[in-house]
Amino acid sequence: MTVHSTALAGPAPVVLPGQARHDRILGTLGMLGSPFLFLSLAANGFAQGDSNRLGAALGLLFAAGWLANVLGLRALAVAGTSRPARVLLAIQVVTVTLAGIFQVYEFAAPGSGSLLYTITDVAWPLSMLLLLITGIVALRARTFDGWLRFTPLLAALWLPLGIAEMAAIGETVGQAVGGLHTAIGWFLIGYAVQRGGRLSARA
């Protein structure tokens with residue numbers, strides 16, 4: 001009995017009319033937004049906890065690109081089509097949106113003591129943690145082709161690696177290295193989304 005390679009490649013995303021163009025737009029926005037967290041950290045002198053309006057505005061651009069990436073990953077079912085996988089990506093959309101709201105807060109009312117400010121502040125690390133979980137699940141789901149399925153995990157690893165780097169080489173250098181990691185990682189997610197999770201050319 002002949003086993004076709006497609007049987008081992010994992011489930012392909014259901015492609016609806018016009019979805020390929022939708023993916024390309026979201027992926028492109030994700031790639032365009034990818035360097036702005038690094039630039040935001042640079043605007044704040046790579047000092048943890050410090051913030052200024054320029055850094056907040058740049059962080060908002062990163063959050064916008066990140067949201068485009070997450071919407072693309074969700075549309076392409078990168079974590080699979082099960083209910084838990086869909087819920088995971090839906091929660092991620094919410095947390096990334098809240099992270100963007102935090103950047104607006106940081107621009108308009110930095111250090112606000114409101115409950116919403118606190119919630120949106122927590123959304124940043126929570127959304128990073130959820131991306132780490134998504135990256136692990138995506139490897140098992142095998143929805144994306146080849147190395148493209150590693151891109152969410154590669155990007156999300158900046159969180160544990162960043163903590164280790166700051167402890168090992170200092171806060172300033174560690175944040176700079178972590179910022180570069182996010183720029184590369186989020187660009188690669190955008191690239192994977194733009195290609196619809198496929199290494200071969202799409203129509």
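Here the residue numbering is sequential within each chain, running from 1 through the sequence in written order. Where local features are concerned, this predicted model is filtered to residues with pLDDT of at least 70; where side-chain atom pairs are given and counted, the filter is 80 or more; whole-chain, interface and lining totals use all residues. Side-chain measures here rest on the full set of heavy atoms in the structure, leaving out hydrogens and waters.

J.: Help me understand the overall build of the chain, please; the structure alone is not making it clear to me.
T.: Scanning the chain from terminus to terminus reveals 8 helices and 0 strands. Ordered by position from N to C terminus, the α and β elements of the chain give α-α-α-α-α-α-α-α. The 203 residues of the chain split such that 44% are buried. Contacts were defined at the residue level, with two residues in contact if any of their heavy atoms lie within 4.5 Å. For the chain, the proportion of contacts with a sequence separation of at least 24, taken over those separated by at least 6, is 74%. When the accessible surface of the chain is totalled, it reaches about 10200 Å², and 72% of it is carbon and sulfur. Here a strand is any run of E in DSSP of at least two residues, a helix any run of H or I of at least four, and the numbering for each starts at the N terminus. Three exposure classes are used, based on accessible area relative to the maximum for each residue type with a 1.4 Å probe and protein chains only: buried under 20%, partly exposed in between, and exposed over 50%. Only the protein chains shown count as cover for residues, and all accessible areas are computed by the Shrake-Rupley method using a 1.4 Å probe.

J.: Mind showing me how you'd approach helix α3 (residues 53-75) here?
T.: Counting along an α-helix, one turn takes 3.6 residues, and residues three or four places apart therefore face a common direction. One less than the number of residues in a helix, times 1.5 Å, gives the span that helix is expected to have. The terminal C-alpha atoms of α3, which comprises 23 residues, lie 33 Å apart, in line with the 33 Å expected from a rise of 1.5 Å per residue. Polar contact is defined as a pair of N or O atoms within 3.5 Å, subject to the rule that within protein one atom must be able to donate a hydrogen and the other to accept it, and that residues adjacent in sequence are counted only when both atoms are side-chain atoms. Of the residues that open α3, the one with a side-chain oxygen 3.2 Å from the backbone nitrogen of Leu 54 is Asn 52. One or two residues past the end of α3 sits Ala 77, with phi positive at roughly 55°.

J.: What exactly am I supposed to notice about unusual backbone geometry here?
T.: A positive phi angle is found at Ala 77, which is not glycine, with a value near 55°. Mapped onto the elements, Ala 77 comes out in the loop between α3 and α4 (83-108). With relative accessibility at 17%, the residue Ala 77 sits in the buried group. Non-glycine residue Arg 142 carries a positive phi angle of around 55°. Turning to its location among the elements, Arg 142 is positioned in the loop between α5 (115-141) and α6 (151-156).

J.: Any chance you could explain the environment of Ile 119 here in plain terms?
T.: By the element assignment, Ile 119 lies in helix α5. Sequence separation of Ile 119 and Ile 101 is 18 residues, and the distance between their C-alpha atoms is 9.9 Å.

J.: Mind showing me how you'd approach the pattern of salt bridges here?
T.: A pair can form between side chains of opposite charge whenever their charged atoms are brought close. Think of a salt bridge as a Lys or Arg side-chain nitrogen and an Asp or Glu carboxyl oxygen that are within 4 Å of each other. Following the criterion strictly, the structure yields 1 salt bridge and no others. A salt bridge links Arg 198 to Asp 145; its shortest N-O distance comes to 3.0 Å. Taken together, the residues span a long stretch of sequence, with Arg 198 in the segment after α8 (171-194) and Asp 145 in the loop between α5 and α6 at a distance of 53 residues.

J.: Even after reading the chapter, I still don't get the packing of aromatic side chains, so can you show me in this structure?
T.: When we look at a pair of aromatic rings, we describe it by the centre distance and by the angle of the planes. We call Phe, Tyr and Trp rings a pair once their centres come within 6.5 Å, taking the six-membered ring for Trp, and we label the pair stacked below 30 degrees between planes, edge-to-face above 60, and tilted otherwise. This model, assessed by the stated rule, comprises 9 aromatic pairs. Ring centres of Trp 66 and Trp 124 lie 5.6 Å apart, and the angle between their planes is 40°; on these two criteria the pair is classed as tilted. Of this pair, Trp 66 sits in helix α3 while Trp 124 is found in helix α5, placing the two residues 58 residues apart along the sequence. Take Trp 66 and Trp 124: they sit in the same class, and that class is buried. With 5.9 Å between their ring centres and 10° between their planes, Trp 147 and Tyr 191 make a pair best called stacked. Here the residue Trp 147 occupies a position in the loop between α5 and α6, and Tyr 191 occupies one in helix α8, the gap between them amounting to 44 residues.

J.: I tried to follow the side chain of Thr 151 on my own but got confused; where do I start?
T.: One can find Thr 151 in helix α6. For Thr 151, a relative accessible area of 2% translates into the label buried. A polar contact is formed between the side chain of Thr 151 and the backbone oxygen of Leu 148, at a distance of 2.7 Å. Sequence-distant contacts of Thr 151, that is, excluding residues within four places in its chain, are made with Leu 188, Ile 189 and Ala 192.

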